[in-house]
Amino acid sequence: MKVYFAPNSRAVRTVWLLEEIGRTYELERFTLGQREMRGPEYSRINPNGRVPTLIDGDVTISESTAIAQYLGAKYAPHLIRGPDHPDFALYLQWLHYAEGMIMPPINNYVVETILLPPERRNPEMAARALKVLNRTLDAAEVHMAGREYIAGDFTVADTITGHAIIMSRRLGADFGALANLSAYADRLEARPAFRSAESA
């Protein structure tokens, strides 16, 4: 099994889940923005030039949430919730919350504060993205009241939306009134599998 990976990217989610599952894997490392990510060799594997991409035998799959669903269904059924589980709908809701709600403003914020050269950055757009991000986190804060993990016990959803919450905090979202999410992020960051993924 091979993972195309870059630090501080969604690829951390894939490695984190593999560490939780205990599967062995090989890393093909990039740094974000590395020219080879857009080169012909990697473009044959992932035409979008993004990470993660997972190769498992004759299967090639990209998009971090799709990879997580694949790995959970194939190798870790104890970390997913199927249609007969009472938390099935809850699990699906929060599995997809990261990409549907949290990541769009994160992406905008990162572009305006990190990726663009200083002379092209728009502080108003950055502030707007942070405001939208904080609203998405408010909904997650309400959901996490009285919960340790996002859908009962630890699941694949925690490696996706939990990772987005961790990254929100690191990027400077206002966690001052988000006690539930602060405790949740602390809990996730303390997991040995997460620490291994971060140091990959």
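Just so it is clear, the structure is predicted and the values come from calculations on it, not from any experiment. Counting from 1, residues in each chain are numbered in the order their sequence is written. Where totals are concerned, whole chains, interfaces and linings use all residues; where local detail is concerned, this predicted model gives features only for residues with pLDDT of at least 70, and gives and counts side-chain atom pairs only at 80 or more. Only hydrogens and water are set aside when side-chain values are computed; all heavy atoms of the structure are taken into account.

**A word on the sheet that holds strand S2 (residues 26-29)**
In sheet architecture, strand pairing relies on hydrogen bonds along the backbone and comes in two forms, parallel and antiparallel.
Then step 1. Between any two strands, at least two bridges found by DSSP are needed for them to pair. A run of H or I in DSSP becomes a helix once it reaches four residues, and a run of E becomes a strand once it reaches two; helices and strands are each numbered from the N terminus. The strand order S2-S1-S3-S4 describes an open sheet built from four strands, whose pairing is mixed. The open sheet terminates on both sides in strands that have one partner only, identified here as S2 and strand S4 (59-62). Going across the sheet, the axis of each strand differs from the next one's by a mean of 20 degrees, ignoring polarity.
Then step 2. Of the strand pairs in this sheet, strand S1 (residues 2-5) and strand S3 (residues 53-56) are connected by three bridges, and their pairing is antiparallel. Its bridge partner lying in S3, valine 3 is registered against leucine 54.
Then step 3. Running at roughly 150 degrees to S1, helix H1 (residues 11-21) makes contact with S1 and S2 of the sheet. In this analysis, axes come from line fits to C-alpha atoms, helices being fitted only over the stretch in contact, and the angle between any two N-to-C directions falls in the range 0 to 180 degrees. The contact criterion used throughout is that any non-hydrogen atoms of two residues lie within 4.5 Å.

**Notes on the pattern of salt bridges**
Side chains carrying opposite charge are able to pair once their charged atoms draw close together.
Then step 1. For this document, the term salt bridge refers to a Lys or Arg side-chain nitrogen within 4 Å of an Asp or Glu carboxyl oxygen. In this structure the tally under the stated criterion is ten salt bridges.
Then step 2. For aspartate 186, the salt bridge is made with arginine 169, and the minimal N-O distance between the two is 2.9 Å. One end of the pair, aspartate 186, is in helix H8 (residues 179-189); the other, arginine 169, is in helix H7 (residues 156-170), with 17 residues separating them in the sequence.
Then step 3. Of the charged contacts in the structure, one is a salt bridge between glutamate 198 and arginine 170, with a shortest N-O distance of 2.9 Å. With a gap of 28 residues between them, glutamate 198 in helix H9 (residues 192-198) and arginine 170 in helix H7 connect regions that are remote in the sequence.

**Notes on the pairing of S2**
Then step 1. Pairing geometry for S1 and S2, over four bridges, is parallel. Its bridge partner lying in S2, tyrosine 4 is registered against glutamate 28.
Then step 2. Tracing the backbone out of S1, into H1 and back to the parallel element S2 gives a crossover that is right-handed. Every crossover in which the path from the first strand over the helix to the second runs clockwise, viewed with the strands pointing away from the viewer, is termed right-handed.

**Details of the side chain of arginine 13**
Then step 1. Its place among the elements puts arginine 13 in helix H1.
Then step 2. The class of arginine 13 is buried, set by a relative accessible area of 2%.
Then step 3. Polar side-chain contacts of arginine 13 include one of 3.2 Å to the side chain of histidine 163.
Then step 4. Here arginine 13 is in contact with Ser64, Thr65, Ala98, Glu99, Met103, Thr159, Ile160, His163 and Ala164, once residues within four sequence places are set aside. Each residue is placed in one exposure class: buried if its accessible area under a 1.4 Å probe, protein chains only, is under 20% of its type's maximum, exposed if it is over 50%, and partly exposed if it falls in between. Pairing of N or O atoms within 3.5 Å defines a polar contact, subject to two protein rules: one partner must be a possible hydrogen donor and the other a possible acceptor, and residues neighboring in sequence count only if both atoms are side-chain atoms.

**A word on the packing of aromatic side chains**
Then step 1. Any Phe, Tyr or Trp ring, taking Trp's six-membered ring, that has another such ring centre within 6.5 Å forms a pair; planes under 30 degrees apart are called stacked, those over 60 apart edge-to-face, and the others tilted. Within the structure shown, the criterion is met by seven aromatic pairs.
Then step 2. Between tyrosine 4 and tyrosine 42, the ring centres sit 5.0 Å apart and the planes meet at 35 degrees, which makes this aromatic pair tilted. Taken as a pair, tyrosine 4 in strand S1 and tyrosine 42 in helix H2 (residues 40-45) lie far apart in primary sequence, 38 residues in all. For the pair tyrosine 4 and tyrosine 42, a shared accessibility class is recorded, and that class is buried.

**Structural notes on the environment of glycine 57**
Then step 1. With respect to the helices, strands and loops of the structure, glycine 57 is situated in the loop between S3 and S4.
Then step 2. Along the chain, glycine 57 and glutamate 99 lie 42 residues apart, while their C-alpha atoms are 27 Å from each other.

**Looking at unusual backbone geometry**
Then step 1. With omega at 5 degrees, the peptide bond leading from valine 51 into proline 52 counts as cis.
Then step 2. For asparagine 8, which is not glycine, the phi dihedral falls at a positive 60 degrees.
Then step 3. Looking at the element boundaries, asparagine 8 is found in the loop between S1 and H1.
Then step 4. The exposure class assigned to asparagine 8 is exposed, which follows from its relative accessible area of 59%.
Then step 5. Unusually for a residue other than glycine, glutamate 63 sits at a positive phi of about 75 degrees.

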